[in-house]
Amino acid sequence: MEYTFDPHALLSEPLMANLCTSGNEGPRNAPVWFLWEDEAIWMLGSKNGSSVSRLKADPRCAVEIVHFDNEAGILLHLGLRGRASIEQMNAMRFRRLLAKYLGPDEGCWNPWFIQNVAAIDDQDGRMVKLTPATTYTNNVSYFRTGPALAWPSEE
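Overview of the structure. On a predicted model such as this, the values are computed, not experimentally measured, just so you know.

1. Overview of a nonpolar patch on the surface
- A surface patch of nonpolar side chains, amounting to about 270 Å² of accessible area, comprises Val 66, Phe 68 and Phe 143.
- In this structure, Val 66 sits in strand 5 (residues 60-69).

If you want it as structure tokens, here you go:
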């Protein structure tokens, strides 16, 4: 498939992703941190979490990532679609995911956040894994400048 930009330009950045699932109550959208590794996107879940429950019932999902910089005139959209699996927590992978957002020095991570929210060693932790069946990119970075000056520059 032809892309309007390299998907790795967004997958490597500490951006928010939106995990889109469906259930009896209809479609749902959850903002998540993510890690791109082994040709899959990995997101945090928990054994009894609502996204995990919906994905167990219907693994079809989409992940949307948007990079928007109004001042620079950048608007990039990346869509990943497929069937997710629920994996046991992998503490080392989760640490790499956290390092992407919190920085590489674990000594600088907020201890309260790690203990109460991240809960790296929680036995109920799960990782949502999506190996995309399809990947979609849309670069509309010309919204301010027109196509001649769109991101990325030709320089």
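2. A few points about the pairing of strand 2 (residues 26-32)
- Here 7 bridges tie strand 1 (residues 17-23) to strand 2, and the two strands are oriented antiparallel to one another. Counterpart to Gly 23 in the pairing with strand 2 is Gly 26.
- The antiparallel hairpin formed by strand 1 and strand 2 contains 2 residues in its connecting segment.

3. Side note on the pattern of salt bridges
- Evaluated as defined, the whole model comprises 8 salt bridges.
- Between Arg 93 and Glu 37 there is a salt bridge, and its shortest N-O distance comes to 2.7 Å. Of the two residues, Arg 93 is situated in helix 3 (residues 91-102) and Glu 37 in strand 3 (residues 34-37); the sequence distance between them amounts to 56 residues.
- Residue Arg 93 is classed as buried on the basis of its relative accessible area, which comes to 9%.
- Classification of Glu 37 as buried rests on a relative accessible area of 17%.
- Between Arg 96 and Glu 37 there is a salt bridge, with its nearest N and O atoms 2.8 Å apart. Of this pair, Arg 96 sits in helix 3 while Glu 37 sits in strand 3, and the two are 59 residues apart along the sequence.

4. Thoughts on the environment of Pro 59
- Residue position: Pro 59 is located in the loop between helix 2 (50-57) and strand 5.
- Not counting chain neighbours up to four residues away, the residues in contact with Pro 59 comprise Gly 82, Arg 83 and Ala 84.

5. Some points on the packing of aromatic side chains
- All chains considered together, the criterion is met by 3 aromatic pairs.
- Seen from their ring centres, Trp 33 and Phe 113 are 6.0 Å apart, and the 45° between their planes marks the pair as tilted. A residue pair is termed long-range when its members are at least 10 positions apart, and Trp 33 in the loop between strand 2 and strand 3 and Phe 113 in helix 4 (residues 111-118) qualify at 80 residues.
- Ring plane angle 75° and centroid distance 6.5 Å describe the contact between Phe 34 and Tyr 101, whose orientation is recorded as edge-to-face. Within this pair, whereas Phe 34 is found in strand 3, its partner Tyr 101 is found in helix 3, the two being separated by 67 residues in sequence.
- Here Lys 100 stacks its cationic end above the ring of Phe 34, 3.5 Å away from the centre of that ring.

6. Side note on the layout of surface pockets
- In this structure, the largest pocket spans a volume of roughly 310 Å³.
- Along the walls of the largest pocket sit 19 residues, with Pro 31, Val 32, Trp 33, Leu 44 and Gly 45 positioned nearest its centre.
- Within the residue set of the lining of the largest pocket, elements represented by two or more residues are strand 2, strand 4 (40-46), helix 2, helix 3 and helix 4.
- Broken down by class, the residue content of the lining of the largest pocket amounts to 14 nonpolar, 5 polar and no charged.

7. Some points on the environment of Met 127
- Relative to the assigned elements, Met 127 resides in strand 7 (residues 125-130).
- Relative accessible area serves as the criterion here: at 0%, Met 127 is assigned to the buried category.
- Taking the C-alpha atoms as reference, Met 127 lies 8.4 Å from Ser 85; in sequence the two are 42 residues apart.
- In this structure, Met 127 is in contact with Trp 42, Met 43, Gly 45, Ser 85, Ile 86, Glu 87, Gln 88, Met 89, Asn 90, Arg 93, Phe 94 and Leu 97, ignoring residues within four places of it in sequence.

8. Details of helix 2
- Within the sequence span of helix 2, burial applies to Ser 51, Val 52, Arg 54 and Leu 55. On an axial view of helix 2, the arc spanned by its buried residues comes to 165°, and they lie on one face. Facing away from the buried side of helix 2 by more than 90 degrees, the exposed set consists of Lys 56 and Ala 57.
- Against strand 1, strand 2, strand 4, strand 5, strand 6 (74-88) and strand 7 lie the buried residues of helix 2.

Conventions used here
Residues take numbers from 1 onward in each chain, read along the sequence in its written order. With pLDDT at 70 or above as the cut-off, local features in this predicted model cover only qualifying residues; side-chain atom pairs require 80 or more to be listed or tallied, and sums for whole chains, interfaces and linings still use all residues. To get the side-chain values, all heavy atoms of the structure are used, and hydrogens and water are removed first. Here the term patch refers to residues with relative accessible area over 30% and no salt bridge, with like charges joined within 9 Å and nonpolar side chains (Val, Leu, Ile, Met, Phe, Trp, Tyr) within 5 Å. The method behind every accessible area is Shrake-Rupley, applied with a 1.4 Å probe, and residues are considered shielded solely by the protein chains displayed. In what follows, salt bridge is the name for a side-chain nitrogen of Lys or Arg lying within 4 Å of a carboxyl oxygen of Asp or Glu. Secondary structure follows DSSP: runs of H or I at least 4 residues long count as helices, runs of E at least 2 residues long count as strands, and numbering of each begins at the N terminus. Note on pairing: DSSP must find at least two bridges between two strands before they are called paired. Using a 1.4 Å probe on the protein chains alone, a residue whose accessible area is under 20% of its type maximum counts as buried, one over 50% counts as exposed, and one in between counts as partly exposed. The contact definition used throughout considers only heavy atoms, calling two residues in contact when any of these lie within 4.5 Å. Each pair of aromatic rings taken from Phe, Tyr and Trp, with Trp reduced to its six-membered ring, is defined by centres within 6.5 Å and is described as stacked if the planes are under 30 degrees apart, edge-to-face if over 60, and tilted in the remaining cases. For a Lys NZ or an Arg CZ to count as sitting over a ring, it must be within 6 Å of the ring centre and within 35 degrees of the ring normal. A 1.4 Å probe that fits into a set of points on a 1 Å grid over the protein atoms alone but cannot get out defines a cavity; an open set with protein on both sides within 12 Å along at least five of seven lines defines a pocket, and lining residues are those with an atom within 4 Å of a point. Grid points are joined across faces, edges and corners, and a volume is the space filled by probe spheres set on the points. Each residue is assigned to one of three groups, with Ala, Val, Leu, Ile, Met, Phe, Trp, Tyr, Cys and Pro labelled nonpolar, Asp, Glu, Lys and Arg labelled charged, and all others, Gly among them, labelled polar. Comment: arc refers to directions from the helix axis out to C-beta atoms.

These values are about where atoms sit, not about what they do.
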